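Remarks on the overall topology
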Amino acid sequence: MKLPTFVAILCAAFAPTGIANSLPSIESISVEPESIALDSPYAYAQIVATAHLSGGDTVDATRLASYSIDDPGVAKVDKSGFVRAAGDGETVLKLTLNGRSVNVPVEAKGTLRKFDPDYVRDVMPVVSRLGCNAGTCHGAKDGKNGFKLSLRGYDPIYDVRAFTDDMASRRVNLASPDDSLMLLKATAGVPHEGGQRTTPDHDYYKIVRSWIADGAKLEDEKAKVEKIDVFPLNPVVQNIGAMQQMRVVATFADGGTRD
């Protein structure tokens, strides 16, 4: 995919040689978040880098910057600024663009202990992300193929009962989690009209499997998201076809946050 024209101009402006006076130059770089805390083996955070130009404009530089981690045993980062936990410890993520750099402290903990997923906080978001409770699937008014979930997970008690009680509990197999219909359908291990939604090596599969292995319980119905914040606020996209990286942070009733 070709870079948009404006970004191509910026790339030329950021080059070490041949900088034209008429082209923008970077005055500073800001990064959201300013520090990263990862608290589980499945935790992650999205970096959003903004270049502040000499003319007063700002532009998304998330995918123009280069990234490095001092200790890759603690966290890993890809070219899009997506940071994942790798092990317990503290390290520094370094973002570099056109000779300028920003350091972001990273702390990871709880990545080595057994992960105990909560249905509302951990499993329901996976079910929603896979589209299972969408209005076009099992979240429809009458469900799909005899299986109904609440639309977008608004009723976790109903949903857990649907997974654990219907069809003689075939959807969750506590003795052999991998044989749960809930997982077999999602991975297309058995015929599924919705097709394959995930794979056995994906985090989504591992989270749901852990929940089933732990007894498929509804621990805390109140562990719901209270608000969602989106960064950056009021972004300006400079050119048709240009892109802006977004970061979405959920805040829970207990004050905890999660990317």
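Look a little higher up for the structure.
Structural notes, computed from the coordinates. (Residues numbered from 1 in each chain as written. Predicted model: local features only at pLDDT ≥ 70, side-chain atom pairs only at ≥ 80, totals over all residues. Heavy atoms only, no water.)

**Considering the nonpolar core**
In this structure, Ile36, Leu38, Leu93 and Leu95 are the most contacted members of the largest nonpolar core, which totals 27 residues. Of all the secondary structure elements, the ones that give two or more residues to this core are β1 (26–32), β2 (36–38), β4 (48–53), β6 (66–69), β8 (82–85), β9 (89–97) and β10 (100–108). (Core = buried A, V, L, I, M, F, W, Y, C linked by side-chain atoms within 4.5 Å. Buried < 20%, exposed > 50% of the residue type's maximum accessible area, 1.4 Å probe, protein only. Helix = DSSP H or I, 4+ residues; strand = E, 2+ residues; numbered from the N terminus.)

**Looking at the sheet that holds strand β11 (residues 225–231)**
Ordered in space as β11-β12-β13, the three strands form an open sheet in which the pairing is antiparallel. With one partner strand each, in any of the chains shown, β11 and β13 (257–258) form the two edges of the open sheet. (Pairing = 2+ DSSP bridges.)

**Overview of the side chain of Gln245**
Mapped onto the fold, Gln245 is located in the loop between β11 and β12 (247–252). At a separation of 2.5 Å, a polar atom in the side chain of Gln245 contacts the side chain of Arg63. If sequence neighbours within four positions are ignored, Gln245 has contacts with Gln46, Ile47, Val48, Asp60, Thr62, Arg63, Phe231 and Pro232. (Polar contact = N/O pair within 3.5 Å; in protein donor to acceptor, adjacent residues only side chain to side chain. Contact = heavy atoms within 4.5 Å.)

**Thoughts on the sheet that holds β9**
Strand order in the open sheet formed by four strands is β2-β10-β9-β6, with mixed pairing between adjacent strands. Of all the strands in the sheet, the pair left with one neighbour each is β2 and β6. On average, each strand axis in the sheet is inclined to that of its neighbour by 25°, with strand direction left out of account. As defined by bridge partners, β2 adjoins β10 across three bridges and the pair is classed as parallel. Following the sheet pairing, Ala37 is matched in β10 by Glu107. (Axes fitted to C-alpha atoms, helices over the stretch in contact; angles between N-to-C directions.)

**Remarks on the environment of Ala65**
Examined against the element boundaries, Ala65 turns out to sit in the loop between β5 (58–60) and β6. For Ala65, a relative accessible area of 9% translates into the label buried. For the pair Ala65 and Thr96, spaced 31 residues apart in sequence, the C-alpha separation works out to 5.5 Å.

**Looking at the side chain of Thr164**
The residue Thr164 is located in helix α3 (residues 156–164) in this model. According to the relative accessible area criterion, Thr164 is buried, its value standing at 15%. Among the polar contacts made by the side chain of Thr164, one reaches the main-chain carbonyl oxygen of Val160 at a distance of 2.7 Å. Non-local contacts of Thr164, meaning those with residues more than four positions away in its chain, are made with Ser169, Val172 and Ala216.

**With respect to the packing of helix α2 (residues 119–129) against helix α6 (residues 203–213)**
Running from amino to carboxyl end, α2 crosses α6 at an angle of 135°, the nearest separation of the two axes being 10 Å. In this view, α2 runs oblique relative to α6, as classed from their interaxial angle. Every pair of crossing elements has a handedness; the one defined by α2 and α6 is left-handed. Residues Tyr119, Asp122, Val123, Val126 and Arg129 of α2 form the contact with α6, whose own contacting residues are Tyr204, Ile207, Val208 and Trp211. Each residue belonging to the contact of α2 with α6 can be placed in one class, and the counts come to seven nonpolar, no polar and two charged. (Parallel < 35°, antiparallel > 145°, perpendicular 65-115°, else oblique. Left-handed = near helix turned anticlockwise from the far one by under 90°. Nonpolar A, V, L, I, M, F, W, Y, C, P; charged D, E, K, R; others polar.)

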